[in-house]
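Here is what each chain is made of, one letter per residue.
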Amino acid sequence: MRKGFRELEVYQLAEELSDEIWKIVVNWDFFAKDTVGKQLVRSADSVGANLAEGAGRGSYRDNRRFITIARGSLIETQHWLRRAQARNLLTPDQTQRLKPLINKLAPKLNAYRNAITKMANNQQPTTNNQ
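Counting of residues starts from 1 at the beginning of each chain's written sequence and follows it residue by residue. A pLDDT threshold of at least 70 governs which residues receive local features in this predicted model, and a stricter bar of 80 or more applies before side-chain atom pairs are shown or counted, although totals over entire chains, interfaces and linings include all residues. Think of the side-chain values as coming from all heavy atoms in the structure, minus any hydrogens and water.

J.: Describe helix 3 (residues 60-86), listing the residues and the values that go with them.
T.: Only DSSP runs of H or I covering at least 4 residues are called helices, and only runs of E covering at least 2 are called strands; the numbering of each starts at the N terminus. What a helix should span is 1.5 Å times the count of its residues minus one. For helix 3, which comprises 27 residues, the first-to-last C-alpha distance of 39 Å matches the rise-based estimate of 39 Å (1.5 Å per residue) to within 8%. Among the residues of helix 3, those classed as buried are Tyr60, Asn63, Arg64, Phe66, Ile67, Ala70, Ser73, Leu74, Thr77, Trp80, Leu81 and Ala84. Elements that come into contact with the buried residues of helix 3 comprise helix 1 (9-25), helix 2 (30-56) and helix 4 (92-123). Downstream of helix 3 by a residue or two, asparagine 88 has a phi angle that is positive, lying close to 60°. The cut-offs for exposure are 20% and 50% of the maximum accessible area for each residue type, with area from a 1.4 Å probe on protein chains only; residues under the lower value are buried, those over the upper are exposed, and the others partly exposed. What makes two residues a contact is simply this: any of their non-hydrogen atoms within 4.5 Å.

J.: Residues and numbers for helix 1, please.
T.: Over its 17 residues, helix 1 runs 24 Å from end to end, which matches the ideal 24 Å to within 8%, given 1.5 Å per residue. Of the surrounding secondary structure, the elements contacted by the buried residues of helix 1 are helix 2, helix 3 and helix 4.

J.: Kindly report on the pattern of salt bridges, identifying the contributing residues and their values.
T.: The salt bridge definition used is simple: a Lys or Arg side-chain nitrogen within 4 Å of an Asp or Glu carboxyl oxygen. Applying the stated criterion to the full structure yields 8 salt bridges. The residue glutamate 9 makes a salt bridge to lysine 108 at a minimum N-O spacing of 3.2 Å. In this pair, glutamate 9 sits in helix 1 while lysine 108 sits in helix 4, placing the two residues 99 residues apart along the sequence. With relative accessibility at 36%, the residue glutamate 9 sits in the partly exposed group. Between arginine 97 and aspartate 93 there is a salt bridge; the shortest N-O distance is 3.2 Å. Linking arginine 97 with aspartate 93, this pair stays in helix 4, spanning 4 residues, or about one helical turn. Accessibility expressed as a relative area gives 35% for arginine 97, which makes it partly exposed.

J.: Requested: an account of a negative patch on the surface, with residues and values cited.
T.: For patch building, the residue pool is restricted to those with more than 30% relative accessible area and no salt bridge; the joining distance is 9 Å between like charges and 5 Å between nonpolar side chains (Val, Leu, Ile, Met, Phe, Trp, Tyr). Computed by Shrake-Rupley with a 1.4 Å probe, the accessible areas treat only the displayed protein chains as cover when residues are assessed. A positive count includes Lys and Arg, and a negative count includes Asp and Glu. His and the chain ends are not counted in either. Working definition for charges: the position is that of NZ of Lys, CZ of Arg, CG of Asp or CD of Glu. Taken together, Glu15, Glu16, Asp19 and Asp45 make up a surface patch of like negative charges. Among the elements that line the negative patch, the one with the most residues is helix 1, at 3 residues. One can find aspartate 19 in helix 1. With relative accessibility at 46%, the residue aspartate 19 sits in the partly exposed group.

J.: Explain the packing of aromatic side chains to me, and be specific about the residues and the numbers.
T.: The relative placement of two aromatic rings is captured by the distance of their centres and the angle of their planes. The criterion for an aromatic pair is that two Phe, Tyr or Trp rings (for Trp, the six-membered ring) have centres within 6.5 Å, with stacked assigned to planes under 30 degrees apart, edge-to-face to planes over 60 apart and tilted to the rest. A full pass over the atoms with the stated rule returns 1 aromatic pair. Note on phenylalanine 5 and tyrosine 11: the rings are 4.8 Å apart at their centroids and 90° apart in plane angle, and the pair reads as edge-to-face. A relative accessible area of 11% means that tyrosine 11 is categorised as buried.

J.: With reference to specific residues and values, describe the packing of helix 3 against helix 4.
T.: Throughout, an axis means a line fitted to C-alpha atoms (over the contacting stretch in the case of helices), and angles, computed between N-to-C directions, take values from 0 to 180 degrees. Where helix 3 contacts helix 4, the two axes come as close as 9 Å, and the packing angle between them is 165°. In this view, helix 3 runs roughly antiparallel relative to helix 4, as classed from their interaxial angle. Relative to helix 4, helix 3 is oriented so that their crossing is left-handed. Note on angle classes: values under 35 degrees are labelled roughly parallel, values over 145 roughly antiparallel, values of 65 to 115 roughly perpendicular, and the remainder oblique. Left-handed describes a crossing whose near helix is turned anticlockwise from the far helix by less than a right angle; the clockwise case is right-handed.

What follows is the structure, encoded as structure tokens:
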């Protein structure tokens, strides 16, 4: 029996990262929230949202595509975190809290995509060339 997406560690990590980012950004001033903050929250939320949508699509091929999009959203999140850090919007403590989540999530996304790819390949119908 396949796990529901909410039970997947990769999804749980995406939620945790997204929630941690929200807790940080909600305290920024209006300008910071309206510029970097909105982009950062949206990209972080997009990681989990794409994992959920891919799982709900019903095919390994679609799921794999949404995992790839989730991976892109994580990379975008890293970009916005670098901008926030460069603009002194993050404390060292906040950076230290987020870094391990990202370092754990990135390879989990790749592993999840590889596992879905393997399942998709095993599901491919064989053709007879005779």
